[in-house]
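# Residue-level structure breakdown
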Amino acid sequence: MIARVVIMPKRGVLDPQGKAICSSLHAMGYDEVDDVRMGKFLELRFVDGAAGEERVARVKSMCERLLANGVIEDFRFELVDDGSPGDGPRGPAR
Amino acid sequence: MIARVVIMPKRGVLDPQGKAICSSLHAMGYDEVDDVRMGKFLELRFVDGAAGEERVARVKSMCERLLANGVIEDFRFELVDDGSPGDGPRGPAR
Amino acid sequence: MKWGVVTFPGSNDDRDTAHVLRSVLGHETVALWHKSADLQGVDCVVLPGGFSYGDYLRCGAIARFSPIMGAVARHAAGGGLVLGICNGFQVLCEAGLLPGALVRNRDLRFVCRDVTLRVESISNPFTNLAFAGDVWRIPVKHGEGCYVADPATLDEMEREARILVRYCRPDGSRARDESADRSDYNPNGSARDVAGVMNAGRNVFGLMPHPEHAADPAILGAEGGRRRADGMRIFQSIAHWVDQRREQASAGSMR
Amino acid sequence: MGRPTTSERPPVTPELAREHGLTAEEWERLCARLGRVPTYEELGVATVMWSEHCSYKSSRFHLRRLPTTGDRVVQGPGENAGAVSIGGGLAVVFKIESHNHPSYIEPYQGAATGVGGILRDIFTMGARPIASLNSLRFGDPSHPKTRGLVRGVVAGIGGYGNSIGVPTVGGEVYFDHGYDGNCLVNAFTLGVVEESRLMLAKASGVGNPVLLIGSRTGRDGIHGASLLASAEFDATSEEKRPTVQVGDPFTEKLLLEATLEIQAADLAVAVQDLGAAGLTSSSVEMASRGELGIELDLDQVPLRETGMTAYEIMLSESQERMLVVCEPARVAEIQEVCRKWDLEAAVVGRLTDDGTYRVRHHGAEVIAVPVDLLADPPALERPVAEPADAEVASEVLPEPGDYDEVLRRLVASPNLCSRQWIWDQYDHFVGGGTLVHPGGDAAVVQVVGTDLKVAMTVDCNSRYCLLDPYVGASIAICEAARNLVASGAEPIGVSDCLNFGNPERPEIMWQFEQAVNGIRDACVAFRLPVVSGNVSFYNETEGRAIPPTPTIAMVGLVRAPQPLTSWFKSAGHEIWLLGSSREEIAGSEFAAIVHGRRDGAPPWVDFRAEQALHQVVLGAADRSLLASCHDVSEGGLAMAMVEACCSVPDGLSMQGARIRLAEGMRPDAWLFGESQGRMLVSVPRESSSALRDLAAGHGVPAMHLGEVGGSTLELDDLVSIPVADLAATWRGAFGRMVDAGART
Ligand SMILES: Nc1ncnc2c1ncn2[C@@H]1O[C@H](COP(=O)(O)OP(=O)(O)O)[C@@H](O)[C@H]1O
Ligand SMILES: [Mg+2]
């Protein structure tokens, strides 16, 4: 089992990285892009496959205590079963 | 419409941040975590709602040319309709 | 000879580098602007240190798309010399003019201090005035200077003597084993202690340490003569190489 | 205090005014002067302008006592920073400023934007920044928040300073449980400008346009000045989180280059950066300095977010912005420079002659207030009361048994161990002028292209200040001056950052008054002008104030051909102590660490003796008599010896040393006492008689202590430790203390 955690700058908080990437995309001719926000993506792999309420609660507390900076960042996560431990990153299909 | 792009360190490439987070989690008592990988999450918002082959091709080329460095990183993305432009980050539900 | 120092938005060491080339070395040096593709006929282009475009996304990733980099790539393809220092090295890797990539330092912290470097190879435009095995003392200052490349690329560069400088202990020694703790002398965890590499065409060189900060005797003299101007060796080697080639060319044309 | 409502315009009532933080008198004054109830926007603007942070209302009355003039002074207090002539037609522009509350809430961004803010203060004046320092205070290392704060603050300072390409060349850091709930982050920057090209922030020329350049305006840090910086912390502070701003050093670098280009081409009439209280305070201050009116059209302000209200635009503290006044014909050229650097530049208003501050939004006038009403709230003369004196126990502390063990403990202690862990994370090379890197008594930077060498330091021992704020503050001036002199520099100017608790409490105001008096008396004695500074009140949590911390930043000019450095150079050199030593243990690090005692009287301070000492050292430096020079401060003579042995730059070899004990003094006082006005020097044998004569000529005691050499540090027969051991402990202690359980 793995948790996929997305950590993004809070709404309204300046995102200089997103800004720089957006202008660079424009300079390269990708004018269809209107706005870019950049955050972090974490994959936590767990030792056993158990899920449930408690796991959700613990991942939430990891995010709050360590992974995200609540002052300027929001987080969200999902727990997924991952058949092949040690595989590369997975997620929204390409 | 937005594209959600996940960029992860290639397997075999050092991920000192993931490693550091993993040991911090252990130090904090989250022993169920086995391994952590850390990457980037980008949200590209587009000016119009059109999707289709071409948009996919163009996002792919943005990733290949700018957003990811093929020497050290893999990427994947998905296109999603996002009713409310200007809203905060969305993604896998919490 | 004529030098050109590129200024990207966010370049920091461009002024320092130009000062060393112009006022300490006494060479003609022009400023090159990122929005222009005109290299003004320089013999060697220097991509300086700094945080081009804020180094957002990845170090050097955005700079490589600026108009000047198209010109730099053509200059390099035609055999012209290119030197990338720190951020310049990162830009060259991102642009594919040098192999590999530079990632976050092993200790995840910015590191600014003197390091000792061993000169590994001297038959090239960049270190030809050194002796192989010379140990230089030059500062590093970066957060993402850990060099990575796949083993095949590293092997090939070793075979072709394209790893020009490596981090080493003050006595020139290095750990035998890649997996040993090398934090006493390798500041960022770079593979095989690589501090700087040259391309296969042997005309493009990138390194993380800052030769321009170990070059001005008026500054180095202060702390009780703490450092020699080791960095100057690189600039002098380049000038020497250019002069020699020019002499050969004019001798050839006279004949 | 409630969060400002963001979307609508609530009715303005006395209750709303109180929620904003206005006092009853202030509310009365506002209504009386306007002859009506203010609009919502006017209330917001008046609140921030009258906040402690922007108005200096509690401190102004006292600050007037500081000396601010002198032959070299080009610009004293009142502008964005002070300027002092260094000869050759050049001036140094410098200032120190606090960013305490934001750094406590979000250490990385708080410290980063603190650096960004002080940098803007310098280049606003047309000066290119060439060096930064930082002065930091954290709680006890064992407090659960301390390590995270240290790591975040240091990374933030480095993250901003390194990216923008200004070297961070020095600073200071102390740990004390008095800062557990309230860390201090004071940032200093120094720049260089041609005296004749200094740019001021005084608006002039009725009808001249006002441009806003740099970043777009977002909802960052609304009410930072009044909420964060002008109130103490309590349990609800966490909810004030959105007032933290995120810095963008890349944009600031562009803004720096663009501003200096605008200056070089003489395009601007006046320039003012946007700091606390954003557009409001910058435009009010500019107009007020020029005794003019100003009108702004908020529809012209480039925004980052949609739907921002007038209130939000006026109070946003988005970083990396600058206000420029120019002649109408210059607008296009300024916009051209900004375009070159990929920056926005919008005309947002113009100067008027009616002395009124007018703001329009969506076609309606939302603010029309006299400029002077906003800019000059009355200075308060807050009550002052000396706290009942704590009983000072006169008991005699026992002498330690094992001096080796004591020294090893001191060397590894939080306030005495090497700070290399910090400065390894700062780029101290960029700019190409750093002559003396962090680790010396003062940093020294050459103005590239000239022979001028500028030295700078920040100092304050807040334990002394807690014991006696007058003495503590005057010691801070003496120590700063001594650190400059130890680098071979003559002090030429001061900037101060006065960090205190809640000024509404008479004991805090007493500390403040005493500290200002101490600074004044010392500056008068040394003929030093205070040309800039900053006051930070409300540094307290749940009613517990920080120790008074009047941080002193001081700048000097190196007279000798080369700066002096603090480490022992060669075996055989003689070690001398200049100045007199007393039996002073109270207030010392030794007393705190070994005896757990932090009470008593701080060391004696004697301005005359201090000045004489400086004359001797500078005279000896002029004649190149000294091989090394180091001031004796925290940890006393023993720590000064450790530092002189161990602070050798990488690549040079460490020296041992042996000294003898003075007769007739308790050994612990002799080794660890912190008597002021002392300097530890080493000299080649052939120079020692010249040094002795020079000292005698100035009436300064000079004592031959011993010799440099060997591989151990031997302090009489009390201490004998290999210097390699000492160095390893001393250098590694800081990292061991803060790295444990690191978070990324
Ligand atoms: N926060 C910091 N940033 C950079 N350098 C620092 C910092 N704190 C201390 N230093 C450096 O460490 C050295 C010792 O500092 P300190 O003990 O305060 O010196 P002193 O007692 O002589 O004033 C100085 O060179 C100082 O610049
Ligand atoms: Mg000192």
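The notes below deal with the structure included here. Nothing here was measured: the structure is a model prediction, and the numbers come from that model.

For the rest of this paragraph, the subject is the interface of chain D and chain C. Of the residues lining the interface, 42 residues belong to chain D; the matching set on chain C comes to 34 residues. Taken together, the two surfaces of chain D and chain C that pack against each other cover about 3100 Å², and 57% of this comes from carbon and sulfur. The largest share of the area that chain D buries against chain C comes from Phe250(D), Asp424(D) and Phe429(D), three residues that together contribute 20% of it. Linking chain D with chain C are four salt bridges, by the criterion used here. Scanning the region where chain D abuts chain C turns up twelve residue pairs in polar contact (both at pLDDT 80 or more). Contributing elements (two or more residues each) for the side of chain D that touches chain C: helix H8 (146-164), helix H10 (249-264), helix H13 (331-340), helix H16 (420-423) and strand S14 (434-436) of chain D. The element that contributes the greatest number of residues to the side of chain D that touches chain C is H10(D), accounting for four residues. In the side of chain D that touches chain C, the residues fall into 17 nonpolar, 15 polar and ten charged.

Residue and element names in this part refer to chain D. Neighbouring ligand 1 are 20 residues, the closest being Asn134, Gly171, Gly439, Gly440 and Asp459. The side chain of Asn483 places a nitrogen or oxygen atom 3.1 Å from an oxygen atom of ligand 1. Note that an oxygen atom of ligand 1 is positioned 3.1 Å from one of the side-chain N or O atoms of Ser633. In the complex, 88% of the free accessible area of ligand 1, which totals 560 Å², lies under the protein chains. The dominant element in the shell around ligand 1, judged by the number of residues it contributes, is strand S5 (residues 168-175), at four residues. Residues that form the shell around ligand 1 fall into these classes: six nonpolar, seven polar and seven charged.

Let's shift gears to the interface of chain B and chain A. Residue-level contacts link 47 residues of chain B with 48 residues of chain A. For the pairing of chain B and chain A, the buried interface totals around 4500 Å² over both sides, and the portion due to carbon and sulfur atoms is 60%. The residue Arg76(B) makes a salt bridge to Glu43(A) at a minimum N-O spacing of 3.7 Å. Counting every contact that joins chain B to chain A gives 18 residue pairs in polar contact (both at pLDDT 80 or more). Those elements that provide at least two residues to the side of chain B that touches chain A are strand S1 (2-9), helix H1 (16-27), strand S2 (33-46), helix H2 (52-67) and strand S3 (73-80) of chain B.

The next thing to look at is the packing of helix H7 (residues 107-123) of chain D against H10(D). Residues and elements named next belong to chain D. Contact pair H7 / H10: the axes reach a minimum separation of 10 Å and the direction vectors enclose 5°. Considering their axes alone, H7 and H10 lie roughly parallel with respect to each other. Along its contact with H7, which presents Gly116, Leu119, Arg120 and Phe123, the element H10 presents Glu252, Leu255, Leu256, Thr259 and Leu260. Looking at the contact of H7 with H10 residue by residue, the classes come out as five nonpolar, two polar and two charged.

Next up on the list: helix H15 (residues 403-411) of chain D. Residues and elements named next belong to chain D. Here H15 has its buried residues at Tyr403, Val406, Leu407, Leu410 and Val411. Down the axis, H15 shows its buried residues gathered within 130° of arc, on one side only. Packing partners of the buried residues in H15 comprise helix H20 (589-595), helix H22 (636-646), helix H23 (667-672), strand S27 (712-715), strand S28 (719-722) and helix H25 (723-739). Of the residues flanking the start of H15, the one acting as N-cap is Asp402, its side-chain oxygen 3.0 Å from the backbone nitrogen of Asp404.

Glancing now at the packing of aromatic side chains. Applying the stated rule across the entire model yields 17 aromatic pairs over all chains. Ring centres of Phe126(C) and Phe205(C) lie 5.1 Å apart, and the angle between their planes is 40°; this geometry places the pair in the tilted category. Of this pair, Phe126(C) sits in the loop between strand S6 (111-119) and strand S7 (135-142) while Phe205(C) sits in strand S11 (residues 204-207), and the two are 79 residues apart along the sequence. Taken individually, Phe126(C) and Phe205(C) each receive the classification buried, so the pair is uniform in this respect. Judged by centre distance (6.0 Å) and plane angle (40°), the ring pair of Phe94(D) and Phe188(D) falls under tilted. With Phe94(D) in strand S3 (residues 90-98) and Phe188(D) in strand S6 (residues 184-194), the pair connects residues that are 94 residues apart, well separated along the chain. For the pair Phe94(D) and Phe188(D), a shared accessibility class is recorded, and that class is buried. The ring of Phe46(A) has Arg55(A) lying over it, and the distance from NZ or CZ to the ring centre is 4.1 Å.

Quick look at the relation of the copies chain B and chain A now. For the pair of chain copies, the relating operation is a rotation around an axis with a shift along it. Mapping chain B onto chain A is achieved by rotating through 180° and translating by 0.0 Å along the same axis, at an RMSD of 0.2 Å. When the rotation and shift are considered jointly, the pair of chain copies conforms to a two-fold rotation axis. Within chain B, Lys40(B) has its C-alpha nearest the rotation axis, a separation of 2.2 Å. Residue by residue, 100% of the interface of chain B is reproduced at the interface of chain A, so both copies engage with the same surface.

All right, on to the pairing of strand S3 (residues 44-47) of chain C then. Residue and element names in this part refer to chain C. The alternating pattern of S3 places Cys44 and Val46 and Val45 and Leu47 on opposite faces, both of which are buried. Bridge analysis of strand S1 (residues 2-7) against S3 gives three bridges, and the strand direction is parallel. Directly across from Gly4, in S3, lies its bridge partner Val45. Here S3 runs beside strand S4 (residues 81-85); their pairing, made up of four bridges, is parallel. If you follow Val45 over to S4, its bridge partner there is Val82.

By the definition in use, this model includes 68 salt bridges over all chains. With a closest N to O distance of 3.2 Å, Arg162(C) and Glu156(C) form a salt bridge. The exposure class of Arg162(C) is buried, given its relative accessible area of 3%. A salt bridge links Glu365(D) to Arg358(D); the shortest N-O distance between them is 3.4 Å. On the basis of relative accessible area, Glu365(D) is assigned to the partly exposed category, the value being 40%. Arg358(D) gets classed as partly exposed once you look at its relative accessible area, which sits at 24%. A single salt-bridge network, built from bridges that share partners, covers Arg118(C), Glu120(C), Asp155(C), Glu158(C), Arg166(C) and Arg192(C).

Reading the values: the criteria
The written sequence of each chain sets the order in which its residues are numbered from 1. Here chains are named by letter from A upward and ligands by number from 1 upward, in the order in which they appear as written. It should be noted that, the model being predicted, local features are given only for residues of pLDDT at least 70 and side-chain atom pairs only at 80 or more, the latter also being counted only at that level, while totals for whole chains, interfaces and linings use all residues. Water and hydrogen atoms play no part in the side-chain values, which are based on all heavy atoms of the structure. Any two residues having at least one pair of non-hydrogen atoms within 4.5 Å are treated as being in contact. What gets called buried area is simply the loss in accessible area from a 1.4 Å probe that two parts show on being joined, summed for both. We define a salt bridge as a side-chain nitrogen of Lys or Arg found within 4 Å of a carboxyl oxygen belonging to Asp or Glu. Pairs of N or O atoms are called polar contacts if they sit within 3.5 Å, as long as, within protein, a hydrogen donor faces a hydrogen acceptor (for residues adjacent in sequence, only side-chain-to-side-chain pairs). Each helix corresponds to a stretch of at least 4 residues labelled H or I by DSSP, and each strand to a stretch of at least 2 residues labelled E; elements are numbered beginning at the N terminus. In this classification, Asp, Glu, Lys and Arg are treated as charged, Ala, Val, Leu, Ile, Met, Phe, Trp, Tyr, Cys and Pro as nonpolar, and every other residue, Gly included, as polar. By convention in this text, a residue qualifies as near a molecule or strand provided that one of its non-hydrogen atoms is within 4 Å of it. Per-residue and other accessible areas were derived by the Shrake-Rupley procedure at a 1.4 Å probe size, with only the shown protein chains allowed to occlude residues. With axes taken as lines fitted to C-alpha atoms, and helix axes fitted only over the stretch in contact, angles between N-to-C directions fall between 0 and 180 degrees. These descriptions rest on fixed angle ranges, namely under 35 degrees for roughly parallel, over 145 for roughly antiparallel, 65 to 115 for roughly perpendicular, and the rest for oblique. Here the term buried applies to any residue with accessible area under 20% of the maximum for its type, exposed to any over 50%, and partly exposed to those in between, with areas from a 1.4 Å probe on protein chains only. Starting at the helix axis, one direction is taken to each C-beta atom, and the arc is that of these directions. Only the six-membered ring of Trp is used, alongside the rings of Phe and Tyr, when aromatic pairs are assigned; centres must lie within 6.5 Å, and planes under 30 degrees apart are stacked while those over 60 apart are edge-to-face, with the rest tilted. Should the NZ of a Lys or the CZ of an Arg lie within 6 Å of a ring centre and within 35 degrees of the ring normal, that charge is described as sitting over the ring. Least-squares superposition of the copies uses the C-alpha atoms of those residues scoring a pLDDT of at least 70 in each of them. Strand pairing is assigned whenever DSSP identifies at least 2 bridges connecting the two strands.

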